[in-house]
Amino acid sequence: MPPVGPRSGDAIFANVERVNAELFTLTYGAIVRQLLTDLEEVEEVNKQLDQMGYNIGIRLIDEFLAKSNVSRCVDFKETAEVIAKVGFKMFLGVTASVTNWDADGTCCSIVLEDNPLVDFVELPDTCQGLYYCNILSGVVRGALEMVSMKTEISWIRDMLRGDDAFELQVKLLKQIPEEYPYKDDE
Amino acid sequence: MYCNRLYANKPELAASRIDAIGYQVGHQLSERYTMERPRFTDHLDAIKFICKDFWSELFKKQIDNLKTNHRGTFVLQDNRFRWVSRMSLDPSENGDLSQENAEAAENKAVQEPNMHLHFSCGVIKGALHNLGIACAVSADPSQLPACSFVVRIKP
Amino acid sequence: MIVCVAVVGHQNNPLYIQSFTDADDALKLHHIVHCSLDVVDERVNNPKKSGPTLNETFLGLLYPTENYKVYGYLTNTKVKFILVTTDLDVKDADVRNFFRRFHAAYVDAISNPFHEPGKKITSKTFAERVSTIVKSFGMSSTG
C-alpha cells in the first residue's frame, strides 16, 4: 500500500532492511583504515571519502524520494530541514538538527549529537588531520546536487577531535534551474 | 544499513582490498560474538559457531547446509544469501540513474555481486583466523540466490 | 583491592598491563603476571575435573601467593586476562563479573579500526573504562 503523505524518518528507518549495526560501523572503519594504508596521505583519504559519499548521495536521493514520499522542497531552507530530520534518520538512524542560518538563508549547519560511524573509534596521533566521517559530507553534497543545489560543505565540529558534536556547514553556491535530466523513460 | 554500497561504489578497490576489509571486520566481530561462550573444543565446533550464531547475528538466519569431507574442507551453503539476492532481485538498485551514471552503473552491476562475495569470504576468514584456525575461503555463486562458501583449513 | 590487571596475547605477548598501587611494586606485579601465564597454559592443557567447567573462559584462581590472589580468564581467541588482588576473601561471582565487564571493554577497544591486532592497546577510553571497572570491584553485584 502506498503511504499517503510524507513519512517520518523514524517510520522509514524501522521498515527498511538494515544490516547489523556493528557490521555497518566496523565495515566503515575497515574501509577508512584500508584507504589510509593505500593512499598514505590523510588529505587524500579525506578526498576519497568525500568522493565515495558523493557517489552514494547521488544514488540515495532516488531511494530517499521514493521511500519518504516528501514532496519537492520549495527552497534550500526546507531541503536542509528534510535532510536533517528525515534523511539522516532514514539512512543513519540518528536525528540531526539544522542551526546557524545566515541572514540570506544560503548557509546553515547540520548538527549530529550521535553518530554510529564513530562507535569504538579513536584517532591515532598520526591521523589528526583525518575527517573520519567525511563520507557524510559527500553524501549530502551528492544528494543536494541531484535536486539542483550545488553546495560546499565543511566540518565545523568533530567529536573525534574533542568537540561536543558533529557539525557540517552547508553553503549553497547556486541553484541550477529545473531542467535536470529527470526523464521517466530511458 | 547501506554499508554494502560504501565499497560497491568503489570498484577501483581491488578484490584483495575488499577481502582485507572483510578480514578486519570478521576478526573484530568474532571477538565480540564469542564473548559469553565457552572456548571451542575443535575446528568443527568453531565452524558450527560460524554457521549458527555468527551468521544469525549478521543475516538473521543460519547457514542452511554444512558439509565436510572430514579432511579439513567445509562447505557452508546459504540458500538465499542476503547480500547477493538483494542485488539480483532488487531492480531499483540500478534503475533511476541519470545518464552520466548509466555506464558506471553497468560496470557496477557486473562487479557488485563479486565484491560482496570477496567481502563475505574476508569476513569468514578473519573470524576463523582469530579463533585460531588458519584457512582459505572461496565462494561459489553459481546457483544464485543460493551461495556456498568453501573453507579449506590449512594443515 | 585490585592491584594489577593485564591483557596478554596468544603468544604471551603483553598487550596491556596496568598496576593500581601507590607503592613502587610494578616490577613485582609484572613478575606475578608473567608467572601466572604458565599456570594458564597448564590449566588449559590439563583441565582438572574439579575445576571450573571444561573450556569455560573463566579459569578461576590461578594461584595464591602470600599477599596476593591471581585470577585468570582465557577468551575464545586465546587472549589471556589476568587479575591480581590483595583481597583475601574474594567472591567468585565478583571476579566473574569483573572479567565479563573487562572483556566487554576489551572487545570495544579492539573494535577501533585503528587498533592493530597483536599490538599493545593504547586506547585512552579503554584505560578509563578499566580504571572504572577496577574501582567498582566487589562494591556491589551490578552488571
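For the structure, see preceding data.
Described below are features of the structure shown in this document. Note that residues are indexed from 1 along each chain, following the sequence as it is written. Note on labels: chains are lettered from A, ligands numbered from 1, in written order. Residue-level local features of this predicted model are given only where pLDDT is at least 70; pairs of side-chain atoms are given and counted only at 80 or more, and the full residue set underlies all totals for whole chains, interfaces and linings.

## Brief notes about the overall build of chain B
Logical step 1: Looking only at helices and strands, one finds five helices and four strands in chain B.
Logical step 2: For chain B, the N- to C-terminal ordering of α and β elements is α-α-α-β-β-α-α-β-β.
Logical step 3: Our exposure labels follow a C-beta count within 10 Å of each residue's own C-beta, placed from the backbone: buried means 20 or more other C-beta atoms, exposed means 12 or fewer, and partly exposed covers the counts in between. Per-residue burial for chain B yields a buried fraction of 43% across its 155 residues.
Logical step 4: Throughout, a pair of residues is in contact if the C-beta atoms placed from their backbones lie within 7 Å. Look at the contacts in chain B between residues 6 or more apart in sequence, and 64% of them connect residues 24 or more apart. To qualify as a helix, a DSSP run of H or I must reach at least 4 residues; to qualify as a strand, a run of E must reach at least 2; elements of each kind are numbered from the N terminus.

## Focus: the sheet that holds strand β2 (residues 73–78) of chain B
Residue and element names in this part refer to chain B.
Logical step 1: Ordered by their spatial adjacency, four strands build an open sheet running β1-β2-β4-β3, and the pairing between neighbours is antiparallel. For this open sheet the edge positions go to β1 (65–68) and β3 (135–140), each flanked by a neighbour on one side alone. Across the sheet, the mean angle from the axis of one strand to that of its neighbour is 20°, orientation sign disregarded.
Logical step 2: Here, any two strands with at least 2 DSSP bridges between them count as paired. Pairing of β1 with β2, which is carried by four bridges, proceeds in the antiparallel orientation. Its bridge partner lying in β2, Asn-65 is registered against Gln-77. Axis lines are fitted to C-alpha atoms, over the contacting stretch for helices. Their N-to-C directions set the angle, which ranges from 0 to 180 degrees.

## Some points on the environment of Val70(A)
Residue and element names in this part refer to chain A.
Logical step 1: Looking at where Val-70 falls in the secondary structure, it is placed in the loop between α3 (42–68) and α4 (76–92).
Logical step 2: Residue classification places Val-70 among the partly exposed positions, given that 16 C-beta atoms sit within 10 Å.
Logical step 3: The spatial distance from the C-alpha of Val-70 to the C-alpha of Met-149 is 17 Å, given a sequence separation of 79 residues.

## A closer look at α3(A)
Logical step 1: Leu60(A) marks the point of greatest bend in α3(A), at about 30°.
Logical step 2: Asn69(A) sits one or two positions beyond α3(A) and adopts a positive phi of about 60°. Fitting axes to the seven residues ending at a residue and to the seven starting there, one defines the bend at that residue as the angle between these axes.

## Looking at the nonpolar core
Logical step 1: As used throughout, a nonpolar core is a set of buried Ala, Val, Leu, Ile, Met, Phe, Trp, Tyr and Cys residues joined through C-beta atoms within 7 Å of each other. Ranked by size, the top nonpolar core spans 84 residues in total, and within it Val140(A), Ile50(B), Ile124(B), Ala127(B) and Val151(B) carry the most contacts.
Logical step 2: Discounting residues that sit within four places of it in the chain, Ile50(B) has contacts with Trp55(B), Ile124(B), Ala127(B) and Leu128(B).
Logical step 3: Of all hydrophobic cores here, the second largest spans 33 residues; its members include Val3(C), Ile32(C), Leu59(C) and Val130(C).

## Concerning the packing of α3(A) against helix α5 (residues 134–146) of chain A
Residue and element names in this part refer to chain A.
Logical step 1: It is at 6 Å that the axes of α3 and α5 come closest, and there the two elements cross at 40°. As the angle between them shows, α3 and α5 are arranged oblique. Here α3 runs over α5; the crossing is right-handed.
Logical step 2: The class makeup of the residues in the contact of α3 with α5 is 13 nonpolar, nine polar and three charged. For classification purposes, angles smaller than 35 degrees are called roughly parallel, those larger than 145 roughly antiparallel, those between 65 and 115 roughly perpendicular, and all remaining angles oblique. Definitions for this section: a left-handed crossing has its near helix turned counterclockwise from the far helix by less than a right angle. A right-handed crossing has that turn clockwise. Ten residues, namely Ala, Val, Leu, Ile, Met, Phe, Trp, Tyr, Cys and Pro, are considered nonpolar, four, namely Asp, Glu, Lys and Arg, are considered charged, and the remaining ones, Gly among them, are considered polar.

## Structural notes on the pairing of β2(B)
Logical step 1: What you see with β2(B) is a clean split: Phe74(B), Leu76(B) and Asp78(B) sit on the buried side and Thr73(B), Val75(B) and Gln77(B) on the side with no burial.
Logical step 2: The hairpin formed by β1(B) and β2(B) contains four residues between the paired strands, and His70(B) there has a positive phi angle of roughly 60°.

## Some thoughts on the sheet that holds strand β3 (residues 58–64) of chain C
Residue and element names in this part refer to chain C.
Logical step 1: Spatial ordering of the open sheet is given by β2-β1-β5-β4-β3, a layout of five strands whose pairing is antiparallel. Every interior strand has two partners, whereas the edge strands, β2 (14–19) and β3, have only one. Each strand axis lies, on average, 15° off the axis of its neighbour in the sheet, ignoring direction.
Logical step 2: Its contacts with the sheet put helix α1 (residues 26–45) on β1 (2–8), β2, β3, β4 (69–74) and β5 (80–85), and the angle it makes with β5 is roughly 130°.
Logical step 3: Along the sheet, helix α2 (residues 92–110) makes contact with β1, β3, β4 and β5, crossing β5 at roughly 135°.

## Some remarks on the interface of chain B and chain C
Logical step 1: The interface of chain B with chain C comprises 15 residues on the first partner and 13 residues on the second.
Logical step 2: Among the elements that line the side of chain B that touches chain C, the one with the most residues is helix α2 (residues 15–33) of chain B, at five residues.
Logical step 3: Looking at the side of chain B that touches chain C, its residues break down into four nonpolar, seven polar and four charged.

## With respect to helix α2 (residues 21–39) of chain A
Logical step 1: Across its 19 residues, α2(A) extends 27 Å between first and last C-alpha, which sits within 8% of the 27 Å expected from 1.5 Å per residue.
Logical step 2: Just downstream of α2(A) lies Glu40(A), where phi reads positive at about 65°. Expected helix span is computed as 1.5 Å times (number of residues minus one).

## Looking at the environment of Ala105(C)
Residue and element names in this part refer to chain C.
Logical step 1: Its place among the elements puts Ala-105 in helix α2.
Logical step 2: Distance from Ala-105 to Ile-133, taken between C-alpha atoms, is 9.3 Å for residues 28 residues apart in sequence.
Logical step 3: Excluding anything up to four places from it in sequence, Ala-105 contacts Phe-126, Arg-129, Val-130 and Ile-133.

## Digging into the pairing of strand β4 (residues 166–175) of chain A
Residue and element names in this part refer to chain A.
Logical step 1: Here six bridges tie strand β2 (residues 107–112) to β4, and the two strands are oriented antiparallel to one another. Within β4, the residue paired with Leu-112 across the bridge is Phe-166.
Logical step 2: Across eight bridges, strand β3 (residues 149–157) lies against β4 in antiparallel orientation. Residue pairing across strands places Arg-157 opposite Glu-167, the latter belonging to β4.

## So, unusual backbone geometry
Logical step 1: Look at the link from Leu144(B) to Pro145(B): it is a cis peptide, with omega at 5°.
Logical step 2: Tracing the chain through its elements places Pro145(B) in the loop between β3 and β4 (147–153).
Logical step 3: Phi is positive for Glu40(A), close to 65°, though the residue is something other than glycine.
Logical step 4: Note on placement: Glu40(A) falls in the loop between α2 and α3.
Logical step 5: With phi around 70°, Ser148(A) is a residue other than glycine that occupies positive phi space.
Logical step 6: Along the polypeptide, Ser148(A) turns up in the loop between α5 and β3.

## Let's talk about the environment of Tyr73(C)
Residues and elements named next belong to chain C.
Logical step 1: Inspection of the secondary structure assignment puts Tyr-73 in strand β4.
Logical step 2: Distance from Tyr-73 to Gly-60, taken between C-alpha atoms, is 7.4 Å for residues 13 residues apart in sequence.
Logical step 3: With near-sequence residues (within four places) excluded, Tyr-73 lies in contact with Thr-57, Phe-58, Leu-59, Phe-81 and Phe-99.

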